[in-house]
Every structure is written in C-alpha cells, then in structure tokens.
Amino acid sequence: MSTPEKTIVSRAQFQTIQREAAAAMARDTELIRDARDVLVRADQHRWLHQTTWMGEPILNLPQDMFALQDIIWRTRPEFIIEVGVAWGGGALFHSTLLEVLGGGKVIGVDIFIPPDLRGRLAAHARLSQRIELIEASSIAPETVDRVRSIVGDSQRTLVVLDSHHTHDHVLSELRAYAPFVGSGCYLVVSDTIVEHIPAQKHRPRPWGPGNNPATAVAEFLRESPRFSVDRELEDRLLLSCHPGGYLVASNDP
Ligand SMILES: C[S@@+](CC[C@H](N)C(=O)[O-])C[C@H]1O[C@@H](n2cnc3c(N)ncnc32)[C@H](O)[C@@H]1O
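Residues numbered from 1 in each chain as written. Predicted model: local features only at pLDDT ≥ 70, side-chain atom pairs only at ≥ 80, totals over all residues. Heavy atoms only, no water.

A. Broad picture of the overall build of the chain. Along the chain, the regular secondary structure elements total 10 helices and nine strands. Dimensions along the principal axes, computed over C-alpha positions, put the chain at roughly 70 × 45 × 40 Å. Looking at the chain alone, contacts between residues at least 24 apart form 74% of all its contacts between residues at least 6 apart. Carbon and sulfur atoms provide 55% of the accessible area of the chain, an area that totals close to 13100 Å². (Helix = DSSP H or I, 4+ residues; strand = E, 2+ residues; numbered from the N terminus. Contact = heavy atoms within 4.5 Å. Areas by Shrake-Rupley, 256 points an atom, 1.4 Å probe, with all protein chains shown as cover.)

B. Just the nonpolar core, in detail. Within the largest apolar cluster, 29 residues are counted, with the highest numbers of intra-cluster contacts made by Ile 81, Val 147, Leu 174, Tyr 177, Leu 187 and Leu 247. Here the element with the most residues in this core is helix α8 (residues 167-177); it accounts for four residues. With residues near it in sequence (within four places) discarded, Val 147 still touches Ile 81, Ile 107, Val 109, Ile 134, Tyr 177 and Phe 180. The next biggest cluster of nonpolar side chains, apart from the first, holds 28 residues, and it includes Ile 58, Leu 158, Leu 233 and Leu 237. (Core = buried A, V, L, I, M, F, W, Y, C linked by side-chain atoms within 4.5 Å. Buried < 20%, exposed > 50% of the residue type's maximum accessible area, 1.4 Å probe, protein only.)

C. Structural context of the sheet that holds strand β9 (residues 246-249). The mixed open sheet is built from seven strands, whose spatial order is β5-β4-β3-β6-β7-β9-β8. At either end of the open sheet lies a strand with only one pairing partner, and these are β5 (131-135) and β8 (227-229). In this sheet, adjacent strand axes meet at a mean angle of 20° when their direction is disregarded. Here strand β3 (residues 79-83) runs beside strand β4 (residues 105-110); their pairing, made up of five bridges, is parallel. Within the sheet, the bridge partner assigned to Val 83 lies in β4 and is Val 109. Packing against the sheet, helix α3 (residues 62-75) makes contact with β3, β6 (157-161), β7 (186-189) and β9, and its axis sits at approximately 170° to β7. (Pairing = 2+ DSSP bridges. Axes fitted to C-alpha atoms, helices over the stretch in contact; angles between N-to-C directions.)

D. Examining the pattern of salt bridges more closely. Scanning the model with the defined rule gives 13 salt bridges in all. With a closest N to O distance of 2.8 Å, Asp 70 and Arg 236 form a salt bridge. With Asp 70 in helix α3 and Arg 236 in the loop between α10 (231-235) and β9, this pair connects stretches of sequence that are 166 residues apart. Residue class for Asp 70 comes out buried when judged on its relative accessible area of 13%. Residue Arg 236 is classed as partly exposed on the basis of its relative accessible area, which comes to 45%. Glu 234 serves as the salt-bridge partner of Arg 231, at 3.4 Å between the closest nitrogen and oxygen. In this pair, Arg 231 and Glu 234 are both assigned in helix α10, three residues apart and thus about one turn of the helix distant. Exposure remark for Arg 231: the relative accessible area of 46% places this residue in the partly exposed category. You can call Glu 234 buried: its relative accessible area is 16%. One network of salt bridges, in which partners are shared, links Asp 70, Arg 74, Asp 230 and Arg 236. (Salt bridge = Lys/Arg side-chain N within 4 Å of Asp/Glu carboxyl O.)

E. Examining the packing of α3 against helix α4 (residues 89-101) more closely. It is the contact of α3 with α4, at a shortest axis distance of 11 Å, that shows an interaxial angle of 30°. Taken together, α3 and α4 sit at an angle that is classed as roughly parallel. Viewed along their axes, α3 and α4 form a crossing whose handedness is right-handed. Across from Met 65, Leu 68, Gln 69, Ile 72 and Trp 73 in α3, the residues of α4 making contact are Phe 93, His 94, Leu 97 and Leu 101. Across the contact of α3 with α4, the residue classes tally to seven nonpolar, two polar and no charged. (Parallel < 35°, antiparallel > 145°, perpendicular 65-115°, else oblique. Left-handed = near helix turned anticlockwise from the far one by under 90°. Nonpolar A, V, L, I, M, F, W, Y, C, P; charged D, E, K, R; others polar.)

This is how it looks when you write it as structure tokens:
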C-alpha cells in the first residue's frame, strides 16, 4: 500500500492559506451568528471573567488576549496604556510581553484601584516594575496629562480602552487617547460585543445595544480617517468580545 505523498508548503504559503481560510470563515454568516450566540449564552455564566494571567484575573477572552499578543509582537510598542485595570491581570499580561520583547512601561488607568492590587502586582517582581497605575477618571484632562508626562513624545503606543462602556464615555476616551497612537500602532476598543448582547437582566448596566463601545467606534471612525478596523486580524478570531474594535492607525495624517 503506498502512502500519500506529503505536501510541503513554505511558511509564506502557509500564511496565505490561513489568511484565505480566515476570510472565508468571516463570510460564513451562520458560523459567525453561532459564535456570537455562544458568547451571549456563556456570558450568562460569566465566561468572560474566567481568564487569568499568572494567577490574576483578566476580564477578557483568551482569544482576544492572543490577538493582543499578536499586535504587541508585530508593532513592538514602547508603552501600553490600559484604560480600565480591574484585577490587574491585563496589566500583568502586557508587562510580561514588554519584558520579553523589550518595551517600556504599562500605564494602567482606573477610577478605582483595589487596596491590595499594588501589593499583588509587586509579588511579580520585575514585571510589576514596568507597571505604573494611575487612580483617576480616564477622561479627566489631568489624567490624560499624567499619561502624556510618562509617554512623552513616543508614538509607539498601544492603547486598550476597557473602562466604562457607554457611548459618550468611550467616545471621549477615543478622542483623548487616539493622539498617543502613532502610525501602524493600535487602539483597541473593548467590549464592542455589547451591541449584540440583549439588555442584561443578570447584570444591569448603563450600556447596551445602541449605547456602547461599538456605537462610539462608529462615530469616532467617521471623524478620524486616520484609523481603520483591522478586519484581517478579526477574521481569524471567530470568538471575540471586540468585533470591529481592533483599530489600526494608518501612515496618513
Ligand atoms: C472591564 S473592567 C477592566 C478589565 C481589565 N482591562 C482586564 O482586562 O481585566 C472595567 C474597569 O473600568 C474602571 N472604570 C470605570 N469607569 C472608569 C473611569 N471613568 N475611568 C477609569 N476607569 C474606570 C472600573 O473601575 C473597572 O475596573
């Protein structure tokens, strides 16, 4: 019995095959609808809160964490500004990647820093030294000034917006933090999935369909042609809490 000949593809061919497969997957509307349905149903069980990094909770899907890893690897940011820190797992994740890839600092902005958070992060030794926490409202001009004083003139910055998810708040954040993002770098707007999640009974929120990060992104993109959605990245994810939220800055003004 003859064995079938193994086809060897180059790395470049492999990537082309995967890109085409991901684009085809994104056109599979039934699959996309089923994936969204899984997210909505799993949200009833707080699935999005089950992720951890080095023991610290991250309120994000592993799939989206891998997307962030991909962005950080490709764009090598000097600074990562995480707006909305919560339990600190996200800040630690970003700090780990900067440590490995040789970046600068993670700036975490949150209106409430739990009393034990700094101590828990400090237990991670070198990683915690890269993290600077600012306890303040993300949209207060003094907060943005403090971030600017750390970042200086650097444009190699990744911004992840993940705080209060109403339209007005996210739009204000987009306008305030977009200037930190230089060409080729990313502005990630979290939880655009809210547009697709029916009003929640188990966890009432001031945001919902029609008033959320996705509606803010739509308005922001109309006024900021410098940014566009990275559909190619999104096509690969299938399960994502941030559809249409991976914004990349072009070279044009
Ligand atoms: C979804 S959680 C952040 C999750 C975190 N990025 C992670 O991946 O684990 C939202 C956070 O936004 C914070 N927040 C709410 N309103 C804010 C505001 N006006 N300015 C800054 N942070 C705010 C909350 O205190 C909360 O910790």
